[in-house]
Amino acid sequence: MDTELWSEDTTPSASRHGSQDGELTEITKESWEVIPMSEEYRRAFYSSAAPSLDVELSPPDLVGTTEILTDYHREALCRHLPARAEGYSWTLVFSTSQHGFSLNSMYRKMFKLESPILLVIEDTDNNVFGALTSCALQVSEHFYGTGESLLFRFSPEFQVYNWTGENLYFIKGNNESLSIGAGDGKFGLWLDGDLYLGRSESCKTYGNDPLTPKVDFVVKTLECWAFVSS
């Protein structure tokens with residue numbers, strides 16, 4: 001599926017622009033969304049196709065060292081991956097601890113990478129949250145990505161926010177900032193060019209709650225994981 005591109009201002013201010021949903025009325029969620037297999041469907045499928053098969057999901061193998069992800073985090077997240085990411089090792093492609101606090105460095109590490117990306121953040125208040133993007137992160141003048149993308153948080157409890165179908169503002173990045181999810185000038189997850197300051201607000205793309213107790217947060221550690229054969 002080709003990546004879809006849509007334009008919207010990426011300045012993290014609720015007053016910058018209004019919703020542009022009216023421009024997208026001819027494209028519906030049903031027409032092209034890639035839907036990950038739900039846990040209920042997964043259980044039903046395996047119970048009917050192979051009753052003796054143990055379908056308990058084990059934590060995926062990690063290629064690289066994490067400073068954020070515990071077994072609990074990995075077990076919870078692997079249940080919400082798109083089908084094309086299941087069964088692969090998680091390979092660390094970028095870490096602020098190893099590669100520095102630079103958005104441009106993160107883009108360079110993903111150049112020509114063909115994989116969904118799990119972006120995981122721990123802030124200075126020890127909240128863990130992030131996003132699954134349908135493709136590698138890149139500089140673009142327009143929004144890109146597909147409905148496989150989602151947001152998640154682990155505090156106060158694990159919660160996943162899937163695409164609502166309200167708009168197509170999945171991912172947009174330039175040298176100064178990265179935005180994931182948008183609508184009415186608010187961003188589900190916004191990071192500055194130094195990968196130091198961030199913001200999370202409710203947005204129409206995912207219908208999410210803020211991913212952090214405070215709207216603005218400071219990044220302690222950020223990791224990006226790709227799904228590739230080990």
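First, a word on scope: everything that follows refers to the structure included in this document.

What counts, and at which threshold
Residues numbered from 1 in each chain as written. Predicted model: local features only at pLDDT ≥ 70, side-chain atom pairs only at ≥ 80, totals over all residues. Heavy atoms only, no water. Helix = DSSP H or I, 4+ residues; strand = E, 2+ residues; numbered from the N terminus. Buried < 20%, exposed > 50% of the residue type's maximum accessible area, 1.4 Å probe, protein only. Contact = heavy atoms within 4.5 Å. Areas by Shrake-Rupley, 256 points an atom, 1.4 Å probe, with all protein chains shown as cover. Phe/Tyr/Trp six-rings, centres within 6.5 Å; stacked < 30°, edge-to-face > 60°. Core = buried A, V, L, I, M, F, W, Y, C linked by side-chain atoms within 4.5 Å. Pairing = 2+ DSSP bridges.

### With respect to the overall build of the protein
Now for step 1: From N to C terminus, the protein includes five helices and 11 strands.
Now for step 2: The proportion of buried residues among the 230 residues of the protein is 48%.
Now for step 3: Counting only contacts in the protein whose residues sit at least 6 apart along the sequence, the fraction spanning at least 24 positions is 64%.
Now for step 4: About 11000 Å² of surface is accessible on the protein, with carbon and sulfur atoms providing 47% of the total.

### Observations concerning the packing of aromatic side chains
Now for step 1: Evaluated as defined, the whole model comprises seven aromatic pairs.
Now for step 2: Seen in terms of ring centroids, Tyr72 and Phe154 are 5.7 Å apart; in terms of plane orientation they differ by 70°. Their pairing is edge-to-face. Placement of the pair is Tyr72 in helix 3 (residues 71-78) and Phe154 in the loop between strand 5 (150-153) and strand 6 (159-162), with a sequence separation of 82 residues.
Now for step 3: On the basis of relative accessible area, Tyr72 is assigned to the partly exposed category, the value being 47%.
Now for step 4: When the ring of Trp163 is compared with that of Phe170, the centres are 5.3 Å apart and the planes differ by 70°; the resulting orientation is edge-to-face.
Now for step 5: When its relative accessible area of 4% is taken as the criterion, Trp163 is described as buried.
Now for step 6: By the ring-pair criterion, three or more aromatic residues cluster together here, those being Tyr72, Phe152, Phe154 and Phe158.

### Considerations on unusual backbone geometry
Now for step 1: Cis geometry marks the peptide bond from Ser155 to Pro156; its omega dihedral reads 5°.
Now for step 2: Within the element layout of this structure, Pro156 appears in the loop between strand 5 and strand 6.
Now for step 3: One non-glycine residue, Asp184, lies in positive phi territory at about 55°.
Now for step 4: As for its position among the elements, Asp184 is in the loop between strand 8 (177-183) and strand 9 (186-192).

### Details of the nonpolar core
Now for step 1: Met106, Ile121, Leu137, Leu178, Leu189, Leu222 and Cys224 are the most contacted members of the largest nonpolar core, which has 34 residues in total.
Now for step 2: Contributions of two or more residues to this core are made by strand 2 (89-95), helix 5 (103-109), strand 3 (117-123), strand 4 (128-133), strand 8, strand 9 and strand 11 (216-228).
Now for step 3: No other element matches strand 11, which puts five residues into this core.
Now for step 4: Once you skip the residues sitting within four places of it in the chain, Leu137 turns out to touch Met106, Tyr107, Met110, Leu119, Tyr144, Ile171 and Leu178.
Now for step 5: Core analysis: the next-biggest nonpolar cluster, separate from the first, contains 19 residues, Leu69, Cys78, Leu92 and Val120 among them.

### Observations regarding the side chain of Ser95
Now for step 1: Tracing the chain through its elements places Ser95 in strand 2.
Now for step 2: The exposure class assigned to Ser95 is buried, which follows from its relative accessible area of 2%.
Now for step 3: Look past the residues within four positions of Ser95 in its chain and what remains in contact with it is Gly100, Leu222 and Glu223.

### Overview of the pairing of strand 6
Now for step 1: Across four bridges, strand 5 lies against strand 6 in antiparallel orientation. Each bridged residue has a counterpart across the sheet, and for Leu151 the counterpart in strand 6 is Tyr161.
Now for step 2: Where strand 5 folds back on strand 6, the antiparallel hairpin that results is connected by five residues.

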